[in-house]
Amino acid sequence: MSRRVLISGASISGPMTAYWLARRGFDVTVIERSDSLRLGGQNIDLTDAARDIVRMMGIEDKIKAQHTGEKGLQFVDSDGKAAASFPTDKKGSLTREIEILRGDLVEIIVNANPDSVDYRFGETIEEMTETGNQVDVRFASGKTDSFDLVIAADGMNSSTRKMIVNEPDQEKYLGCWSSYFTIPRLERDNDWWRWYTSPTGVIAFLRPDNQGTMRASVNFLSDESDPPHMSLEDKKDRLRARLDGAGWEADRIADALTDVEDIFLGPLHQIKASRWSNGRMVLAGDAAHCPTPYTGMGTTLAVIGAYVLANELAEHDDHTKAFQAYEDRFRAFAEASQKLPPGVPDLAYANSKLKVKLINSGAAIGASGPVQSLISLFTGSGKDKNDFTLPDYAEPADKAAADQRAA
Ligand SMILES: Cc1cc2nc3c(=O)[nH]c(=O)nc-3n(C[C@H](O)[C@H](O)[C@H](O)COP(=O)(O)OP(=O)(O)OC[C@H]3O[C@@H](n4cnc5c(N)ncnc54)[C@H](O)[C@@H]3O)c2cc1C
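Not measured: the values here are computed from a predicted model. (Residues numbered from 1 in each chain as written. Predicted model: local features only at pLDDT ≥ 70, side-chain atom pairs only at ≥ 80, totals over all residues. Heavy atoms only, no water.)

Caption draft 1: Representation of the overall build of the protein. Along the backbone of the protein there are 13 helices and 18 strands. Residue burial in the protein is summarised as follows: out of 407 residues, 54% are buried. In the protein, the share of contacts with a sequence separation of at least 24, taken over all contacts with a separation of at least 6, comes to 73%. Summed over all atoms, the accessible surface of the protein reaches about 17000 Å², with 46% contributed by carbon and sulfur. (Helix = DSSP H or I, 4+ residues; strand = E, 2+ residues; numbered from the N terminus. Buried < 20%, exposed > 50% of the residue type's maximum accessible area, 1.4 Å probe, protein only. Contact = heavy atoms within 4.5 Å. Areas by Shrake-Rupley, 256 points an atom, 1.4 Å probe, with all protein chains shown as cover.)

This is the structure:
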């Protein structure tokens with residue numbers, strides 16, 4: 001009988017792990033707290049090893065076809081005038097060959113999953129107990145079930161992580177909050193990633209997408225590392241307060257919040273758990289090793305980690321050996337990817353018009369210390385990024401079927 005696996009979280013890590021587990025013959029259930037897939041977020045990119053994996057899945061062309069059309073990065077002043085431009089083909093540009101909206105990637109991965117993967121929305125794990133050779137799960141809906149293995153792939157704020165590995169210091173707060181949401185495109189918008197540094201301590205982005213809307217991001221420093229649960233309206237109120245008086249397109253972004261239906265907002269934590277598994281339960285993706293968007297590596301790590309975890313489980317009958325091999329192969333790369341350039345993120349934020357001027361004029365010459373850090377922001381320092389060598393795993397029995405599905 002195939003092993004039954006429960007995965008919590010249906011973003012990148014969960015559906016990716018589900019894909020590879022199903023392809024290797026596991027019986028997979030994925031639960032997601034939201035009532036549907038969360039398709040918000042901005043462009044994300046995939047580095048070499050992750051690209052090899054999507055190529056093996058037969059979905060690389062679909063991903064390339066969804067390129068957002070972003071022309072490059074521009075630092076803009078409060079009048080919207082470009083202070084510095086980094087077109088896609090210029091050194092230092094943050095727009096890469098594979099740039100896809102996070103939501104589009106989620107959909108492509110979920111659609112590549114075979115029908116046998118059971119997706120359940122509006123569900124979370126309330127309690128888990130390991131009893132002998134299974135994990136008994138009680139869900140928030142009141143249902144109960146038992147699985148051979150449970151994978152927490154539910155992100156930086158994973159509540160499942162705390163049921164698996166509960167260490168006091170595993171969340172390292174970076175001192176700042178980020179947000180991502182989608183707003184209407186106006187005639188005055190363009191196809192650049194516009195980066196605005198406000199003297200009020202806010203950094204705002206507007207980025208084009210391929211769906212006729214704009215992807216907004218509002219970022220700010222804050223001492224608040226552990227806010228209480230925020231409803232959608234709480235998130236909007238917090239963002240409006242930060243946007244107040246920030247200049248540039250801040251008022252327009254604040255007004256557009258009224259109709260926004262999903263917002264990713266919160267303090268950014270790097271996750272540094274000393275171990276990723278406990279018995280039959282294991283962490284994956286941001287839940288295990290969130291590097292934060294400041295590294296530009298979250299999605300790449302989720303894709304590679306899913307591939308390694310699923311294939312190690314397929315290659316070992318003993319899950320403890322598989323979990324050990326997963327960490328042995330992947331932890332060093334995940335930890336190296338969490339390294340942030342010196343001064344990040346504080347250096348990027350301004351508390352005066354003078355500092356804004358320094359940042360923007362530094363960007364214009366492209367060489368000052370703060371600008372080097374700015375360029376590294378949201379893409380990482382560049383080093384070690386492509387160093388992961390994919391292990392060679394056995395060809396799955398159903399490869400032909402998988403290829404057909406992807407086509
Ligand atoms: C809506 C959204 C927008 C994002 N936008 C960006 C972006 O613009 N740029 C960027 O760099 N990164 C963004 N991220 C984060 C990025 O997706 C991850 O860093 C990376 O892809 C690793 O993905 P993950 O699957 O491990 O975690 P995540 O992408 O964080 O996904 C976790 C999933 O688990 C679900 N979940 C959470 N708690 C539970 C629970 N208790 N039970 C069941 N399900 C649960 C969440 O709803 C989510 O679908 C965004 C994430 C989300 C959810």
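Caption draft 2: Quick look at the site of the ligand. The environment of the ligand is made up of 28 residues, and the closest members are Ser11, Ser13, Glu32, Gln42 and Asp286. In the model, an oxygen atom of the ligand is placed 2.7 Å from a nitrogen or oxygen of the glutamine 42 main chain. Threonine 299 is positioned such that a nitrogen or oxygen atom in its side chain is 3.0 Å from an oxygen atom of the ligand. Here the ligand, which alone exposes 920 Å², has 94% of that area covered by the protein. (Near = heavy atom within 4 Å. Polar contact = N/O pair within 3.5 Å; in protein donor to acceptor, adjacent residues only side chain to side chain.)

Caption draft 3: How the structure looks around the sheet that holds strand E11 (residues 149-152). The 6 strands lie next to each other as E7-E2-E1-E11-E18-E17, forming an open sheet whose pairing is mixed. One side of each edge strand has no neighbouring strand; the edge strands of this open sheet are strand E7 (118-121) and strand E17 (277-278). The pairing of E17 with strand E18 (residues 281-283) spans 2 bridges and is antiparallel. What sits directly across from asparagine 278, in E18, is methionine 281. Against the sheet, helix H10 (residues 319-337) engages E11, E17 and E18, with an angle of about 10° to E18. (Pairing = 2+ DSSP bridges. Axes fitted to C-alpha atoms, helices over the stretch in contact; angles between N-to-C directions.)

Caption draft 4: Local environment of the sheet that holds strand E13 (residues 193-197). The sheet built from 7 strands is open, its strands ordered E5-E4-E13-E14-E15-E12-E16 with mixed pairing. For this open sheet the edge positions go to strand E5 (82-87) and strand E16 (264-271), each flanked by a neighbour on one side alone. Pairwise comparison of adjacent strand axes, ignoring direction, gives a mean angle of 20° for this sheet. Both strand E14 (residues 202-208) and strand E15 (residues 213-221) contribute to a ladder of 7 bridges, which runs antiparallel. Among the inter-strand pairings, leucine 206 is bridged to a residue of E15, identified as alanine 216.

Caption draft 5: Spotlight on the side chain of histidine 319. Considering the arrangement of structural elements, one finds histidine 319 in helix H10. Using a relative accessible area of 12% as the deciding quantity, one classes histidine 319 as buried. Once residues within four sequence positions are removed from consideration, histidine 319 is found in contact with Leu149, Gly279, Arg280 and Leu313.

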